[in-house]
Amino acid sequence: MRTAHVVETVRTAEHALMARLPDGTLMHRAAFGLASVCAQILPRVSGARVVLLVGSGDNGGDALFAGAELARRGAAVTAVAAGRTPHPGGLAALRAAGGRTAAVAEAADLVAAADLVVDGLVGIGVRGALREPHASLAALTETTDAAVVAVDLPSGVDADTGAVPGASVRADVTVTFGTHKPGLLVDPGAQRAGVVEFVDIGLAPDLPAPDVVAPQAADVAALLPRPTAESDKYRRGVLGLAAGSDRYRGAAVLAAGGALRTGVGMLRYAGQPEVAREVVARWPEAVVSVLDPMDPVASLPRRVAAWVIGPGRGLHPTAAAELEAVLATEEPVLVDADAITLLARDPDLVRKRDAPTLLTPHAGELSRLLPGADRADIEANRLEHARRAAAEYGCTVLLKGSTTLVAEPGRPVAANPTGTPLLATAGSGDVLAGMIGALLAAGLPSWEAAVCGAYLHGLAARLAHDGAPISASDLFDAVPRAIAAVTRPGE
Ligand SMILES: NC(=O)C1=CN([C@@H]2O[C@H](COP(=O)(O)OP(=O)(O)OC[C@H]3O[C@@H](n4cnc5c(N)ncnc54)[C@H](O)[C@@H]3O)[C@@H](O)[C@H]2O)[C@@H](O)CC1
Ligand SMILES: [K+]
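Residues numbered from 1 in each chain as written. Chains lettered and ligands numbered in written order. Predicted model: local features only at pLDDT ≥ 70, side-chain atom pairs only at ≥ 80, totals over all residues.

### Some words on the overall build of the protein
In terms of regular secondary structure, the protein is built from 20 helices and 17 strands. Rg of the C-alpha trace for the protein: 26 Å, near the compact-globule value of 23 Å for 491 residues, within the 12% margin. Here the C-alpha coordinates of the protein stretch approximately 85 × 45 × 40 Å along the principal axes. A burial count over the protein gives 55% of its 491 residues as buried. Look at the contacts in the protein between residues 6 or more apart in sequence, and 71% of them connect residues 24 or more apart. (Helix = DSSP H or I, 4+ residues; strand = E, 2+ residues; numbered from the N terminus. Rg over C-alpha atoms; globule rule 2.2 N^0.38 Å. Buried ≥ 20, exposed ≤ 12 C-beta atoms within 10 Å, placed from the backbone. Contact = placed C-beta atoms within 7 Å.)

### Details of the domain arrangement of the protein
Taken as a whole, the protein is organised into domain 1 (6-212) and domain 2 (217-487). For the side of domain 1 that touches domain 2, the per-class residue count stands at 7 nonpolar, 2 polar and 2 charged. (Domains from an automatic or database assignment. Nonpolar A, V, L, I, M, F, W, Y, C, P; charged D, E, K, R; others polar.)

### Here's the deal with the environment of Thr425
Inspection of the secondary structure puts Thr425 in the loop between β17 (413-415) and α18 (428-441). Separated by 91 residues in sequence, Thr425 and Leu334 place their C-alpha atoms 21 Å apart. Not counting the four nearest positions on each side in its chain, Thr425 is found in contact with Ser471 and Ala472.

### A few points about the confidence of the model for the protein
Residues of the protein with pLDDT of at least 70 account for 99%, and the chain-wide mean is 94. Quick note on the complex model: pTM equals 0.88, ipTM equals 0.98. (pLDDT = per-residue confidence, 0-100.)

### Observations concerning the UniProt feature "domain: YjeF C-terminal" (unreviewed entry) in the protein
The UniProt record annotates "domain: YjeF C-terminal" (unreviewed entry) at residues 216-486. In residues 216-486, helix accounts for 47% and strand for 13%; the two terminal C-alpha atoms are 9 Å from one another. (UniProt positions renumbered as here; feature names shortened; annotations may be inferred.)

### Describing the sheet that holds strand β8 (residues 212-213)
An order of β8-β17-β16-β15-β14-β13-β12-β9-β10-β11 is seen for the 10 strands of this open sheet, with the pairing classed as mixed. Each of the sheet's edge strands pairs with one partner strand only, and the pair in question is β8 and β11 (287-290). Its contacts with the sheet place α18 against β9 (238-242), β12 (306-309), β13 (333-335) and β14 (357-359), and it is angled at close to 165 degrees to β12. Its contacts with the sheet place helix α19 (residues 446-464) against β14, β15 (396-399), β16 (405-407) and β17, and it is angled at close to 15 degrees to β15. (Pairing = 2+ DSSP bridges. Axes fitted to C-alpha atoms, helices over the stretch in contact; angles between N-to-C directions.)

### Topic: the pairing of strand β2 (residues 76-81)
Burial of β2 is extensive: 5 of the 6 residues sit out of reach of the surface. When strand β1 (residues 49-54) meets β2, the two strands line up parallel, connected through 6 bridges. Looking at the pairing, Val51 lines up with Thr78 of β2. Strand direction decides the pairing type here: β2 and strand β3 (residues 100-102), joined by 3 bridges, are parallel. Bridge pairing links Thr78 to Arg100 in β3. Traced from β2 through helix α4 (residues 88-96) to β3, the parallel crossover comes out right-handed. (Right-handed = clockwise from strand over helix to strand, strands pointing away.)

### Re the packing of helix α10 (residues 249-261) against α18
As a packed pair, α10 and α18 sit with axes 6 Å apart at the nearest point and diverge in direction by 40 degrees. In terms of axis orientation, α10 runs oblique to α18. Along this stretch, α10 crosses α18, giving a crossing that reads as right-handed. On α18, the residues touching Ala251, Leu254, Ala255, Ala256, Gly257, Gly258 and Ala259 of α10 are Asp430, Val431, Leu432, Ala433, Gly434, Met435, Gly437 and Ala438. Class assignment of the residues belonging to the contact of α10 with α18 gives a composition of 10 nonpolar, 4 polar and 1 charged. (Parallel < 35°, antiparallel > 145°, perpendicular 65-115°, else oblique. Left-handed = near helix turned anticlockwise from the far one by under 90°.)

### Thoughts on the UniProt feature "domain: YjeF N-terminal" (unreviewed entry) in the protein
Following the UniProt record, the feature "domain: YjeF N-terminal" (unreviewed entry) maps to residues 10-209 here. Spanning residues 10-209, this segment combines 36% helix with 18% strand, and its end C-alpha atoms are found 12 Å apart.

### Considerations on unusual backbone geometry
Backbone torsion omega between Glu132 and Pro133 reads 0 degrees, so that peptide bond is classified as cis. Inspection of the secondary structure puts Pro133 in the loop between β4 (116-120) and α6 (134-143). A cis amide bond links Asp187 to the next residue, Pro188, at an omega of 0 degrees. Summarising the element assignment, Pro188 is placed in the loop between β6 (173-177) and α7 (189-193). In this structure, Asp152 takes a positive phi of about 70 degrees despite not being glycine. When the 27 C-beta atoms within 10 Å are taken as the criterion, Asp152 is described as buried. One non-glycine residue, Ala337, adopts positive backbone phi at about 50 degrees. Note that Ala337 resides in the loop between β13 and α13 (338-345).

### Considering the sheet that holds β4
Consider a sheet: its strands pair through backbone hydrogen bonds, and that pairing is either parallel or antiparallel. The strand order β3-β2-β1-β4-β5-β6-β7 describes an open sheet built from 7 strands, whose pairing is parallel. Of all strands in the sheet, those bounded by a partner on one side alone are β3 and β7 (195-199). Averaged over neighbouring strand pairs, the angle between their axes works out to 25 degrees when direction is ignored. Packing against the sheet, helix α2 (residues 25-41) makes contact with β4, β5 (147-151), β6 and β7, and its axis sits at approximately 160 degrees to β6.

### Brief notes about the packing of helix α3 (residues 58-72) against α4
Where α3 meets α4, the closest approach of the two axes is 8 Å, and the angle between their N-to-C directions is 15 degrees. When the axes of α3 and α4 are compared, the pair comes out roughly parallel. Read as a crossing pair, α3 and α4 show a hand that is left-handed. In this structure, α3 contributes Gly60, Gly61, Leu64, Phe65, Gly67, Ala68 and Ala71 to the contact, and α4 contributes Gly89, Gly90, Leu91, Ala93 and Leu94. The residue makeup of the contact of α3 with α4, split by class, is 7 nonpolar, 5 polar and no charged.

The structure is reproduced here in structure tokens:
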């Protein structure tokens, strides 16, 4: 399910607001905010060499008015116009403030010598891939040493989806106006945007609820379960874990550690004897049951509040039977890794379920769940595919990536802001599954559990990292620190 595109909603809100305000007010608010951010980035505004790349729309107008403000503060500002008719008011303001214009042919030299490049080529008015000369001008930002500030969004990024259909600007900072555009929160757009600075131009009262959100520490803190005096291990939640196999024993140890360090009340692990032994050797607090090879399903633990199934579990018929048995229960189930591959063979196992299900695929696993979409299609438009999977399976879907997304029918997509390349290592997904499992077992609904788990997982990686690479087991000690950091900020 989609609500209206951000571009349409922004335009509707702008029209409503502009009708109540003197002409040009919104653009001046935007340009003033933009100029303030540029001034903060420059070590010194006076004498700084600033190059404005401007298209013919209002995005270029914002850049020109901001450039005029910087010129008034002593910067040497040059505008390169990509279109034939740059914003007349903006151009006049820049000239009046002492700025100058230059031809497109001079742009490469100007950008090479600049301290700051402002991308006002196109904003939310862009249609399709950038045309020339916009595309070549945008490409100059790939190689320059100057700081690059994108106006509203990096030119070439789709504001709704984060897709980058052709050339695009690579920004260090994006100054966005009025509302957070989903394309700035979702890869590949998020990677092109750099740090996103928000400038309030007063649109909020006229905007509908967003359909993509980026949860912050305070949101996570408000959702996390807090143990109270009445909490016992059952109230804090019992998690069933079916992970690991003879071949992948570590997956069980990693998922168990993720759950225990997130504060699960009790972990009931079920697996092959050798794996169960390793789990209990590493985590003596785990309660393990050894699966009867003749009847593994009958020996799965009962009386659990939620399940995690799949990490390192394998694709053999016993694993398939286990998955069927777990999905037949009334408890929330997190389906990860191998269990996702098994599920792709029989999607009805989830579609016909009444109890909550959370799928946690990476792009390759998601392509198995969505026939007709390959990994590249998914990476190019992660929002659309996460939403599609949630709609088609009628459940919550957490799509892993450098910006992890959480989609659920009828809810906004959450784009996790703490993601880091540090987590792109084997086993880190197993820890995540255990962490989210602990939150499900504590009673958090799937979307909330996935959002909190992804946030804490990214934050834990950042806390564990002290300049050296980290591996998945380094997350164990960092998870409680991440929880403390969001629930007791400043301590
Ligand atoms: N409307 C408003 O009230 C406000 C708008 N603001 C700014 O205005 C922007 C939107 O302005 P516009 O609606 O004029 O649109 P844009 O300035 O985003 O883009 C329109 C221009 O881009 C060209 N264009 C479109 N697709 C292209 C492509 N693929 N390759 C090359 N050129 C292409 C069009 O021919 C047109 O000249 C926002 O992103 C924001 O920066 C802000 O000033 C705040 C207030
Ligand atoms: K732009």
